[in-house]
Amino acid sequence: MSPDFSTKKADTDEQIKEVASLAEIIWNEHFTPIIGKKQVDYMVAKFQSYPALKEQIADGYEYYQLFDNGEFCGYTGIHPGEDNRLFLSKLYIKKECRGRHLATQAFSFLKKLCKERGYSAIWLTCNKHNNNSLIVYRHLGFETIDTHEADIGGGFIMDDYIMEYRLS
(Lines give C-alpha, C1' and ligand atoms only; values in the text may rest on other atoms or scores of the structure.)
Protein backbone atom coordinates (compact mmCIF):
# COMPACT_ATOMS: atom_id res chain seq x y z
CA MET A 1 0.00 0.00 0.00
CA SER A 2 1.10 3.54 -0.66
CA PRO A 3 2.39 5.33 2.42
CA ASP A 4 -0.14 8.06 1.61
CA PHE A 5 -3.11 5.65 1.85
CA SER A 6 -4.76 5.08 5.21
CA THR A 7 -7.99 3.84 6.72
CA LYS A 8 -9.85 4.89 9.82
CA LYS A 9 -12.71 2.95 11.35
CA ALA A 10 -15.82 5.14 11.31
CA ASP A 11 -17.28 4.65 14.75
CA THR A 12 -18.01 8.15 16.04
CA ASP A 13 -21.20 9.99 15.08
CA GLU A 14 -19.12 12.63 13.29
CA GLN A 15 -17.29 10.01 11.19
CA ILE A 16 -20.54 8.18 10.36
CA LYS A 17 -22.11 11.48 9.28
CA GLU A 18 -19.06 12.17 7.06
CA VAL A 19 -19.50 8.76 5.42
CA ALA A 20 -23.24 9.36 4.87
CA SER A 21 -22.55 12.79 3.37
CA LEU A 22 -19.94 11.40 0.97
CA ALA A 23 -22.27 8.50 0.10
CA GLU A 24 -24.96 10.91 -1.03
CA ILE A 25 -22.50 12.73 -3.30
CA ILE A 26 -21.03 9.54 -4.79
CA TRP A 27 -24.39 7.82 -5.28
CA ASN A 28 -25.96 10.81 -7.03
CA GLU A 29 -22.98 11.23 -9.33
CA HIS A 30 -22.27 7.56 -10.07
CA PHE A 31 -25.56 5.69 -9.89
CA THR A 32 -28.09 8.18 -11.32
CA PRO A 33 -27.15 7.31 -14.93
CA ILE A 34 -27.40 3.58 -14.09
CA ILE A 35 -30.59 3.31 -12.00
CA GLY A 36 -32.17 6.78 -12.13
CA LYS A 37 -32.60 9.60 -9.63
CA LYS A 38 -35.69 8.19 -7.89
CA GLN A 39 -34.02 4.87 -7.09
CA VAL A 40 -30.82 6.63 -6.02
CA ASP A 41 -32.76 8.83 -3.60
CA TYR A 42 -34.60 5.79 -2.25
CA MET A 43 -31.43 3.70 -1.83
CA VAL A 44 -29.42 6.51 -0.25
CA ALA A 45 -32.15 7.03 2.34
CA LYS A 46 -32.59 3.29 2.94
CA PHE A 47 -28.95 2.11 2.88
CA GLN A 48 -26.51 5.06 2.93
CA SER A 49 -28.02 7.70 5.22
CA TYR A 50 -26.75 8.40 8.73
CA PRO A 51 -29.67 6.53 10.40
CA ALA A 52 -29.22 3.57 8.02
CA LEU A 53 -25.47 3.40 8.68
CA LYS A 54 -26.04 3.61 12.45
CA GLU A 55 -28.52 0.73 12.25
CA GLN A 56 -26.13 -1.34 10.13
CA ILE A 57 -23.28 -0.77 12.59
CA ALA A 58 -25.57 -1.92 15.42
CA ASP A 59 -26.16 -5.08 13.34
CA GLY A 60 -22.42 -5.83 13.05
CA TYR A 61 -21.34 -3.86 9.99
CA GLU A 62 -18.03 -2.01 10.10
CA TYR A 63 -17.29 1.14 8.12
CA TYR A 64 -13.86 2.45 7.26
CA GLN A 65 -13.02 5.85 5.83
CA LEU A 66 -10.39 5.80 3.09
CA PHE A 67 -7.79 8.55 2.97
CA ASP A 68 -5.18 9.49 0.40
CA ASN A 69 -2.55 11.88 1.70
CA GLY A 70 -4.98 12.91 4.44
CA GLU A 71 -7.89 13.57 2.05
CA PHE A 72 -11.14 11.68 2.76
CA CYS A 73 -11.61 9.97 -0.61
CA GLY A 74 -14.01 7.12 0.00
CA TYR A 75 -15.32 4.46 2.30
CA THR A 76 -15.90 0.76 2.62
CA GLY A 77 -18.46 -1.21 4.58
CA ILE A 78 -18.07 -4.85 5.57
CA HIS A 79 -19.97 -7.50 7.49
CA PRO A 80 -18.88 -10.90 8.74
CA GLY A 81 -20.59 -13.26 6.35
CA GLU A 82 -21.67 -16.82 6.30
CA ASP A 83 -19.46 -19.71 5.18
CA ASN A 84 -16.26 -18.11 6.52
CA ARG A 85 -16.52 -15.26 3.98
CA LEU A 86 -16.44 -11.50 4.46
CA PHE A 87 -19.26 -9.55 2.83
CA LEU A 88 -18.00 -6.40 1.11
CA SER A 89 -21.16 -4.34 1.32
CA LYS A 90 -19.75 -1.05 0.07
CA LEU A 91 -16.61 0.28 -1.58
CA TYR A 92 -16.96 3.76 -2.98
CA ILE A 93 -14.38 6.33 -4.11
CA LYS A 94 -15.36 9.90 -4.93
CA LYS A 95 -15.01 10.88 -8.57
CA GLU A 96 -12.07 13.27 -8.24
CA CYS A 97 -10.04 10.61 -6.38
CA ARG A 98 -10.57 7.79 -8.87
CA GLY A 99 -7.58 6.69 -10.92
CA ARG A 100 -5.25 6.77 -7.89
CA HIS A 101 -5.54 2.99 -7.31
CA LEU A 102 -7.40 3.58 -4.04
CA ALA A 103 -9.77 0.67 -4.66
CA THR A 104 -6.73 -1.60 -5.04
CA GLN A 105 -5.29 -0.27 -1.80
CA ALA A 106 -8.61 -0.62 0.00
CA PHE A 107 -8.83 -4.18 -1.31
CA SER A 108 -5.33 -4.91 0.07
CA PHE A 109 -6.53 -3.61 3.43
CA LEU A 110 -9.59 -5.88 3.24
CA LYS A 111 -7.53 -8.95 2.28
CA LYS A 112 -5.24 -8.32 5.27
CA LEU A 113 -8.28 -7.97 7.53
CA CYS A 114 -9.64 -11.28 6.17
CA LYS A 115 -6.39 -13.08 6.86
CA GLU A 116 -6.29 -11.68 10.41
CA ARG A 117 -9.86 -12.86 10.99
CA GLY A 118 -9.48 -16.22 9.29
CA TYR A 119 -11.84 -15.68 6.36
CA SER A 120 -11.35 -17.69 3.17
CA ALA A 121 -13.08 -15.32 0.73
CA ILE A 122 -14.60 -11.89 0.14
CA TRP A 123 -17.94 -11.64 -1.64
CA LEU A 124 -20.04 -8.74 -2.90
CA THR A 125 -22.98 -7.79 -5.04
CA CYS A 126 -22.64 -5.38 -7.96
CA ASN A 127 -25.33 -3.96 -10.25
CA LYS A 128 -25.19 -5.75 -13.60
CA HIS A 129 -25.00 -2.40 -15.43
CA ASN A 130 -22.30 -0.85 -13.22
CA ASN A 131 -19.68 -1.49 -15.90
CA ASN A 132 -16.81 0.56 -14.47
CA SER A 133 -17.07 -1.11 -11.06
CA LEU A 134 -17.38 -4.57 -12.65
CA ILE A 135 -14.15 -3.91 -14.56
CA VAL A 136 -12.39 -2.93 -11.31
CA TYR A 137 -13.69 -5.95 -9.39
CA ARG A 138 -12.66 -8.33 -12.18
CA HIS A 139 -9.23 -6.67 -12.32
CA LEU A 140 -8.89 -7.29 -8.57
CA GLY A 141 -9.59 -10.98 -9.11
CA PHE A 142 -13.30 -11.27 -8.32
CA GLU A 143 -15.29 -13.82 -10.28
CA THR A 144 -19.02 -13.81 -10.90
CA ILE A 145 -20.51 -16.81 -9.09
CA ASP A 146 -24.23 -16.07 -9.35
CA THR A 147 -26.90 -13.45 -10.04
CA HIS A 148 -29.52 -12.06 -7.70
CA GLU A 149 -32.63 -9.91 -8.03
CA ALA A 150 -33.94 -8.36 -4.82
CA ASP A 151 -37.08 -6.35 -4.25
CA ILE A 152 -35.90 -3.54 -1.98
CA GLY A 153 -39.28 -1.86 -1.62
CA GLY A 154 -40.54 1.39 -3.08
CA GLY A 155 -41.17 -0.40 -6.37
CA PHE A 156 -37.42 -0.90 -6.93
CA ILE A 157 -35.40 -3.99 -7.76
CA MET A 158 -31.68 -4.55 -7.32
CA ASP A 159 -30.40 -6.62 -10.26
CA ASP A 160 -26.91 -7.75 -9.28
CA TYR A 161 -24.07 -10.10 -9.94
CA ILE A 162 -22.73 -11.94 -6.91
CA MET A 163 -18.95 -11.91 -7.07
CA GLU A 164 -16.32 -13.61 -4.98
CA TYR A 165 -12.59 -13.39 -4.38
CA ARG A 166 -10.99 -16.49 -2.88
CA LEU A 167 -8.00 -15.84 -0.64
CA SER A 168 -5.09 -18.21 -1.21
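Please refer to the structure higher up on the page.
Residues numbered from 1 in each chain as written. Predicted model: local features only at pLDDT ≥ 70, side-chain atom pairs only at ≥ 80, totals over all residues. Heavy atoms only, no water.

**So, the overall build of the chain**
Line of reasoning, step 1. Of the regular secondary structure elements, the chain holds five helices and seven strands.
Line of reasoning, step 2. The helix and strand sequence of the chain, counted from the amino end, reads β-α-α-α-β-β-β-α-β-α-β-β.
Line of reasoning, step 3. Compactness check: the chain gives a C-alpha radius of gyration of 15 Å against a globular reference of 15 Å for 168 residues, within 12% of the reference.
Line of reasoning, step 4. Counting all 168 residues of the chain, 46% fall into the buried class.
Line of reasoning, step 5. Put simply, 60% of the contacts in the chain that link residues at least 6 apart link residues at least 24 apart.
Line of reasoning, step 6. Carbon and sulfur atoms make up 49% of the accessible area of the chain, which totals about 8700 Å².
Line of reasoning, step 7. The positive charge centre, built from 20 side chains, and the negative charge centre, built from 24, are 3 Å apart in the chain. (Helix = DSSP H or I, 4+ residues; strand = E, 2+ residues; numbered from the N terminus. Rg over C-alpha atoms; globule rule 2.2 N^0.38 Å. Buried < 20%, exposed > 50% of the residue type's maximum accessible area, 1.4 Å probe, protein only. Contact = heavy atoms within 4.5 Å. Areas by Shrake-Rupley, 256 points an atom, 1.4 Å probe, with all protein chains shown as cover. Lys, Arg positive; Asp, Glu negative; His and termini not counted. Charge placed at Lys NZ, Arg CZ, Asp CG, Glu CD.)

**Topic: helix α5 (residues 131–140)**
Line of reasoning, step 1. The set of residues buried in α5 consists of Ser133, Leu134, Tyr137 and Leu140. With its buried residues spanning 125° around the axis, α5 presents them on a single face. α5 presents Asn132, Ile135 and His139 as exposed residues on the side facing more than 90 degrees away from its buried surface.
Line of reasoning, step 2. On its buried side, α5 packs onto α1 (13–35), β4 (85–93), α4 (102–117), β5 (121–127) and β7 (156–166). (Arc of directions from axis to C-beta.)

**Observations concerning the packing of aromatic side chains**
Line of reasoning, step 1. A complete count under the given rule lists 12 aromatic pairs for this structure.
Line of reasoning, step 2. The rings of Trp27, Phe31, Tyr75 and Tyr92 are connected pair by pair, giving a single aromatic cluster.
Line of reasoning, step 3. The side chain of Lys17 reaches across the aromatic face of Tyr50, ending 5.2 Å from its centre.
Line of reasoning, step 4. For Arg138, the ring lying beneath its charged end belongs to Tyr161, and the centroid distance is 5.9 Å. (Phe/Tyr/Trp six-rings, centres within 6.5 Å; stacked < 30°, edge-to-face > 60°. Lys NZ or Arg CZ within 6 Å of the ring centre and 35° of its normal.)

**Some words on the side chain of Asn127**
Line of reasoning, step 1. Tracing the backbone shows Asn127 in strand β5.
Line of reasoning, step 2. Discounting residues that sit within four places of it in the chain, Asn127 has contacts with Ile34, Ile35, Leu134, Asp159 and Asp160.

**Thoughts on the pairing of strand β6 (residues 143–153)**
In summary, the side chains of a regular strand alternate between the two faces of the sheet.
Line of reasoning, step 1. As paired elements, β6 and β7 share nine bridges and run antiparallel to each other. The residue of β7 that forms the bridge with Thr144 is Met163.
Line of reasoning, step 2. In this structure, the hairpin formed by β6 and β7 is closed by a connection of two residues, where Gly154 is found at a positive phi of approximately 65°. (Pairing = 2+ DSSP bridges.)

**Topic: the side chain of His30**
Line of reasoning, step 1. Secondary-structure assignment places His30 in helix α1.
Line of reasoning, step 2. One polar contact links His30 to Asn130, side chain to side chain, over a distance of 2.9 Å.
Line of reasoning, step 3. Excluding residues that lie within four positions of it along the chain, His30 makes contacts with Arg98, Asn130 and Ser133. (Polar contact = N/O pair within 3.5 Å; in protein donor to acceptor, adjacent residues only side chain to side chain.)

Shape is all these values report; function is a separate question.
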